[in-house]
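Structure at a glance
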Amino acid sequence: MSAVFNYLGLVGAFLSAVLLFPALIAFGSGETENGISLVLYAALGSFLSITLLVATGHTAMLLDRRTSILLAVGGWILFPLLLAFPISGMFSIDYGAALFEAVSALTTTAADGVGRLEAQPAAAIALRAAIQWAGGLGTILTFLILLGPTSIGGLPKTRRSVGEASGRIATGIHRMAGSLTRYYSAATIFCFVLLMMTGIEPFAAIILSFTALSAGGYLPSDGELFELGNSAALVVISFFFIVAATSVYWHRMVGRWQIENLKRHRESYYLIGSVAVVTALLTVTFATTPGMINSTGPLGLAAEALFNAASLVSTSGLQSSNGVFTLLSPAFVFFVLLVGGGCYSAAGGIKYYRVGAMLFHARHDLSRLIYPHAVAPMRFGTEQYDLGVMKSIWSMFMAAALVLVAGSVLLALMGLDYQASITATIAAFVNAGPAYSDAWAPRGTEGWIAYHDMAIGMKLALAAIMLIGHLEVIAVVVALDPRRILFR
Amino acid sequence: MKIIICGAGQVGYGIAERLAKEGNDVSVIDNSAELVQNIQDKLDVRGYHGHGSHPDVLARAGAEQADMIIAVTLHDEVNMVACQVAHSLFNVPTKLARIRAQSYRQPHWQNLFARQHMPIDVIISPEIEVGDVVLRRIALPGARDIVPFADAQVTMLAIDCDEECPVIDTPLSQLSELFPDLNAVVVGISRGGQMIAPRSSDQILLGDHAYVTCEQSQARRTLAIFGKERPEAGRIVIAGGGNIGLYLCRRIEEMMPTARVRVIERSRETAMRMAQGLDRTVILHGSALDEALLNEAGIRNADLMVSITNDDQVNILASVLAKKLGCGANLALLNNAGYHGFTKSLGIDDYINPRSVTISRVLQHVRRGRIKGVYSIQNGAAEIVEAQALDTSPLVGKPLKELELPDGMRIGAIIHEGVVSRPAGDSIIRPRDSIIILALAERVRLVEQMFRVSFEFF
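The text that follows walks through the structure, step by step, so that each part is easy to find. Note that the coordinates shown come from a computational prediction; the quantities given were computed from them, not determined experimentally.

**Examining the overall build of chain A**
- Within chain A, the secondary structure is distributed over 20 helices and 3 strands.
- By the burial criterion, 57% of the 488 residues in chain A qualify as buried.
- Taking all contacts inside chain A whose residues are at least 6 apart in sequence as the whole, residues at least 24 apart take part in 70%.
- Working note: accessible area of chain A is about 19700 Å², and carbon and sulfur atoms make up 68% of it.

As structure tokens, this is what we get:
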């Protein structure tokens, strides 16, 4: 257990440091009280985290399967509970609503449960965006360090294997986390600089670069994204959405120009191909929608199509203007969202790797009708999968389907329109909060309640779905059968 | 020339046989006393019992005076170490090794065989050689054998002259008149088991095997003139999924995007390995002698059945069965030379002898002078040689009709500055021209001398 506390201490220290960013914004915006409050939260968090680190620093840091799962599930429940306090203070909302905001931000769902951003302090908006940014990094690290080695849900195994010698594993994890944090931060700064170059004002550029890198969906202010920027800004954000949705392993292959590995890799190419297809589809849709081409011009139209496609595929859910997704078939939109991004990325969803594996497996089974003696390749790009992996993937898929059904029924029972319940459940599950909006509502339909108008019960149910989706239903499995997972 | 051969198996024996026949000083090393005794009894070679990579054994075999070492034992690592020891301790100038594991041949590891690491001059992979032969047969199914020369600008085709052949009884000189724009020459004819280098007045008879050199782009037309024009095999069934099968399927996937290939492999593990390495090929697990499995592979509509398992008998039976079930043509890998004689009577259209393919490749590098390529035909009865003419060569500077080439040699093509031309009486060979020439076994040494780099050259 000491390893769990030690790593919780590390993450806590990092999140405490992240709180200093909104504090700086607060001081810069003349919100001194908010700034002091955030510094105090950061100091308290740092004190607790450092205490944990000091208390557990001398003990063995062996991350076995049980510890890894416990840390992943425990951490993603504990930190929103803690981060809800500063959020509650900044937005002046009750703890329940703040918890929804904390989960929504940390899981990069970006479901705005507050509303009326123009009335909110800059520090609060920056706090939420910064937590979202940290959540994006935390997502990649969770899968890279904790869940990847356990192969839960058929995840492709990472290089670290569970049960390695404690000293080696701790060094490896620290090195991996350090280099990934540096890379993620550098990419965010690069995105910020590019957005500034496109003419976006600094505060908006910061919030949007946080959103882009984490595949989140928070905006710096009310209104619609295309009003904030221009076509170039949309293209920049689209590029970083794709960066956020593709595997960090692929990024490393590209960075080191490992030709052989790049040739064998598949997932990221399918993902980029999907963005291209959705972009083409949206371009045609926009071009045939009366008035659209005249208002933005062909290049602006293409940029907007690219932005919405990248947002959809990366499970950001952000739209260039409210209701863009409704120009497409809802089944198509939610299918793309459910598929999600790539493994070891900040994106949500089932992941291309799993969908690819299921499709290959299904194709193999179908081909057996023609060739009963055929031997299938059983691989998707660089990843090999045996029957055990396929079982894990199918189990994860079935559990996800159950969560979606249960979630939508629960929300409907709480008073949300049933179609709205399904939409909200999917949006929460794949962490694409902005994808749920009343633009989907058939004309004259009631019951499509905005996030900020939802009752606390609905918000907490959605927060639970966000966490379950974010942890790829492992939390449900642990909750249903803790002995089997944690003590086997 | 003093040559050491490590390995007295089928390939080692075949190389030793050919080199000894040509008057080379051959020493053979093997760790099987029985094989060493056998080779000493049958050939004019010295045999040494021992491990081919051990310095003391190599020293006993005369490595200090050796001009070349040919390491063709069953084990890649022994072959590699034998070459390394021959280089480091005995300074043997030329080192050839047979290396089968494809891991050593991966392009990104090719630096392994650099001069400063493991200096092996020539690496021969029988699987790749055999795979390339099969590929060429698939591309030109009418020919019994296809060998590229001069960077694939020229092709040598071996053609069976049967009832379908419209040029039977036609003098060769008349062929040139009938097809003046055809860059093709009949360089050799195997008649009744005997190899001849024909003259222009000779004619092709029924039952001959003609060896024709032609410009690569005219290979199909040449086959059509000999009545052997057949479309490229598009539906292929392969029996056997070992290294050759995997290499073959990979190359087919790369080169023939429309080809449909089905592989039947007995070992599940090998079948799985193949499936993981291929994208479009269907791998079936089971026996190639199972009629139901052959039908599942679509043998009735297949253009070609390629049997390349490790078992000659399986290859023969699978080929015969495939033909019986409706397959268009078959090609079998036959290691045992004893089976070669009756393939036709069994209904096997064509066969590949991996041993002769490997031996031919090895011998290519044994030849001296400016010889760039060699292919041995009819079990060594003749060789097709690609050589570069030097200023000092007796062939240079005179019209061919004035050269008075001895019998047993025939020039098939002249490549001047990348342009292939058919040799005629007034053709003149210029320095640095490449020449494709057939030489009967007894004339090979003479061809070597014609293209040897002499002191005059410097």
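So that's the structure; there's more coming.
**Considerations on the interface of chain B and chain A**
- At the junction of the two partners, chain B supplies 16 residues and chain A supplies 11 residues.
- Summed over both partners, the interface of chain B with chain A comes to about 1100 Å²; 51% of that surface belongs to carbon and sulfur atoms.
- Linking chain B with chain A are 0 salt bridges.
- Where chain B packs against chain A, one counts 4 residue pairs in polar contact (both at pLDDT 80 or more).
- Among the secondary structure elements, those contributing two or more residues to the side of chain B that touches chain A are helix 9 (268–277), strand 14 (282–285) and helix 10 (291–296) of chain B.
- Split by residue class, the side of chain B that touches chain A holds 8 nonpolar, 4 polar and 4 charged.
- Where strand 1 (residues 374–375) of chain A and strand 14 of chain B come together, 2 bridges link them in antiparallel fashion. Opposite A:A374, over in strand 14 of chain B, you have B:L284 as the bridge partner.

**Here's the deal with the packing of helix 16 (residues 387–413) of chain A against helix 18 (residues 456–470) of chain A**
Residues and elements named next belong to chain A.
- In contact at an axis separation of 10 Å, helix 16 and helix 18 are set at 170° when each is read in the N-to-C sense. Taken together, the axes of helix 16 and helix 18 lie roughly antiparallel to each other. Listed contacts from helix 18 to V403, G407, L410 and L411 of helix 16 are M458, A461, L462, I465 and I468.

**Overview of helix 1 (residues 10–21) of chain B**
All names here are of chain B.
- For helix 1, which comprises 12 residues, the first-to-last C-alpha distance of 16 Å matches the rise-based estimate of 16 Å (1.5 Å per residue) to within 8%.
- Burial of helix 1 is extensive: 9 of the 12 residues sit out of reach of the surface.
- Of the residues making up helix 1, those classed as buried are V11, G12, Y13, G14, I15, A16, R18, L19 and A20.
- Two residues or fewer past helix 1, G23 is found with a positive phi of approximately 85°.

**Here we look at the pairing of strand 1 (residues 2–6) of chain B**
All names here are of chain B.
- With 5 of its 5 residues buried, strand 1 lies for the most part within the structure.
- Residues K2, I4 and C6 line one face of strand 1 and the alternating positions I3 and I5 line the opposite face, and both faces are buried.
- With 5 bridges connecting them, strand 1 and strand 2 (residues 25–30) associate as parallel partners. Across the sheet, I5 pairs through a bridge with V28, a residue of strand 2.

**Regarding the side chain of B:R262**
- Here B:R262 shows up in strand 13 (residues 260–265).
- Within the buried core, B:R262 has no salt-bridge partner, and the shortest N-O distance to an opposite charge, that of B:E296, equals 8.8 Å.
- Leave out the neighbours within four places in its chain, and B:R262 touches A:Y371, B:I236, B:V237, B:I238, B:V282 and B:A297.

**So, the packing of aromatic side chains**
- Counted according to the given criterion, the structure contains 16 aromatic pairs over all chains.
- An aromatic cluster is present here, built from A:F14, A:F21, A:W133, A:Y184 and A:F210 joined pairwise through their rings.

**Structural notes on the side chain of A:N34**
- The residue A:N34 is located in helix 2 (residues 32–56) in this model.
- Those residues within four positions of A:N34 in sequence are excluded, and the remaining contacts are A:A26, A:M90, A:P121 and A:A123.

**Comments concerning the pattern of salt bridges**
Residues and elements named next belong to chain B.
- One pass over the structure, following the stated rule, counts 24 salt bridges over all chains.
- The closest approach of N and O atoms between D350 and R144, which form a salt bridge, is 3.7 Å. Here the residue D350 occupies a position in strand 17 (residues 350–352), and R144 occupies one in the loop between helix 5 (126–139) and strand 7 (145–149), the gap between them amounting to 206 residues. This pair shows no difference in class: D350 is buried, exactly as R144 is.
- The salt bridge involving E254 is made with R251; its shortest N-O contact spans 3.2 Å.

**Points about the sheet that holds strand 22 (residues 434–440) of chain B**
Residues and elements named next belong to chain B.
- Reading across the sheet, the 5 strands line up as 18-19-22-20-21 and stay open at both edges, with antiparallel pairing between neighbours. Two strands in the sheet have a free side with no partner beyond their single neighbour: strand 18 (371–377) and strand 21 (419–421). Across the sheet, the mean angle separating the axes of adjacent strands is 20° when strand polarity is ignored.
- As defined by bridge partners, strand 18 adjoins strand 19 (residues 382–388) across 6 bridges and the pair is classed as antiparallel. Residue G373 lies in a different strand from strand 19, and its bridge partner there is E386.

**Description of the sheet that holds strand 8 (residues 154–160) of chain B**
Residue and element names in this part refer to chain B.
- Spatially, 7-8-11-9-10 is the arrangement adopted by the 5 strands of the open sheet, whose pairing is antiparallel. This sheet does not close on itself; its edge strands, each paired only once, are strand 7 and strand 10 (194–196). Ignoring strand direction, the axes of neighbouring strands in this sheet form an average angle of 20°.
- Bridge count for strand 7 against strand 8 is 5 bridges, and the pairing is antiparallel. Across the sheet, residue F149 finds its bridge partner in strand 8, namely V154.

**Things to note about a nonpolar patch on the surface**
Residue and element names in this part refer to chain A.
- The grouping of I77, L78, L81, L82, F85 and Y95 at the surface amounts to a nonpolar patch, some 490 Å² of accessible area in total.
- In terms of residue count, the dominant contributor to the nonpolar patch is helix 3 (residues 65–91) (5 residues).
- Note that L78 resides in helix 3.
- You can call L78 partly exposed: its relative accessible area is 33%.

**Here we look at the pairing of strand 13 of chain B**
Residue and element names in this part refer to chain B.
- Counting buried residues along strand 13, 5 of its 6 residues qualify, which places the element largely inside the surrounding structure.
- In terms of strand pairing, strand 12 (residues 235–239) meets strand 13 through 5 bridges, oriented parallel. Across the sheet, the residue bridging to I236 is V261, located in strand 13.
- The β-α-β motif built from strand 12, the intervening helix 8 (residues 243–255) and the parallel element strand 13 has right-handed crossover chirality.
- Pairing between strand 13 and strand 14: 4 bridges, direction parallel. Bridge pairing links E265 to H285 in strand 14.
- After leaving strand 13, the chain enters helix 9 and then returns to the sheet as strand 14, a path that is right-handed.

**Observations concerning the packing of helix 3 of chain A against helix 5 (residues 122–147) of chain A**
Residues and elements named next belong to chain A.
- Where helix 3 contacts helix 5, the axes come no closer than 11 Å and their chain directions differ by 175°. Here helix 3 is positioned roughly antiparallel relative to helix 5, judged by the angle of their axes. Contact with helix 3, carried on its side by S68, L71, A72, W76, L83, P86, I87, M90 and F91, involves A123, A124, I125, L127, R128, I131, G135, G138, T139, T142, L146 and L147 of helix 5 and no other residues of that element.
- A breakdown of the residues in the contact of helix 3 with helix 5 according to their chemical character gives 15 nonpolar, 5 polar and 1 charged.

Conventions adopted
- Every chain begins its residue count from 1, and numbering advances along the sequence as written.
- Lettering of chains starts at A and numbering of ligands starts at 1, both following the order in which they are written.
- This being a predicted model, a pLDDT of at least 70 is required before a residue's local features are given, and a value of 80 or more before pairs of side-chain atoms are given or counted; all residues contribute to the totals for chains, interfaces and linings.
- Values shown for side chains rest on all heavy atoms present in the structure; no hydrogens or waters enter the calculation.
- Labels follow the DSSP assignment, with helices taken as runs of H or I lasting at least four residues and strands as runs of E lasting at least two, numbered in each case from the N terminus.
- Only protein chains enter the calculation, and the probe is 1.4 Å; a residue is then buried if its accessible area is under 20% of its type maximum, exposed if over 50%, and partly exposed in between.
- Whether two residues are in contact is decided by their heavy atoms: any pair within 4.5 Å suffices.
- Each accessible area is a Shrake-Rupley estimate made with a 1.4 Å probe; only the visible protein chains count as cover when residues are assessed.
- Buried area is understood as the total, over both parts, of accessible area removed when two parts are fitted together, assessed with a 1.4 Å probe.
- By salt bridge we mean one thing: a side-chain nitrogen of Lys or Arg within 4 Å of a carboxyl oxygen of Asp or Glu.
- Two N or O atoms count as a polar contact when they lie within 3.5 Å, although within protein this holds only if one can serve as hydrogen donor and the other as acceptor, and sequence-adjacent residues are included solely when both atoms are side-chain atoms.
- Residue type decides the class: Asp, Glu, Lys and Arg count as charged, Ala, Val, Leu, Ile, Met, Phe, Trp, Tyr, Cys and Pro as nonpolar, and the leftover types, Gly among them, as polar.
- Any two strands between which DSSP finds at least two bridges are classified as paired.
- Fitted lines through C-alpha atoms give the axes, limited to the stretch in contact for helices. The angle between two N-to-C directions lies from 0 to 180 degrees.
- Here the angle decides the label: under 35 degrees means roughly parallel, over 145 means roughly antiparallel, 65 to 115 means roughly perpendicular, and every other value means oblique.
- To estimate the expected span of a helix, subtract one from its residue number and multiply by 1.5 Å.
- In this tally Asp and Glu are treated as negative and Lys and Arg as positive; neither His nor the chain ends contributes.
- Whether two aromatic rings pair depends on their centres lying within 6.5 Å, for rings of Phe, Tyr and Trp, where Trp uses its six-membered ring; planes under 30 degrees apart make the pair stacked, over 60 edge-to-face, and the rest tilted.
- What goes into a patch is any residue over 30% in relative accessible area without a salt bridge, connected to like charges within 9 Å or, for nonpolar side chains (Val, Leu, Ile, Met, Phe, Trp, Tyr), within 5 Å.
- Orienting the strands away from the viewer, one traces the path from the first strand over the helix to the second; a clockwise path indicates a right-handed crossover.

Don't take any of this as a statement about function, it's just geometry.
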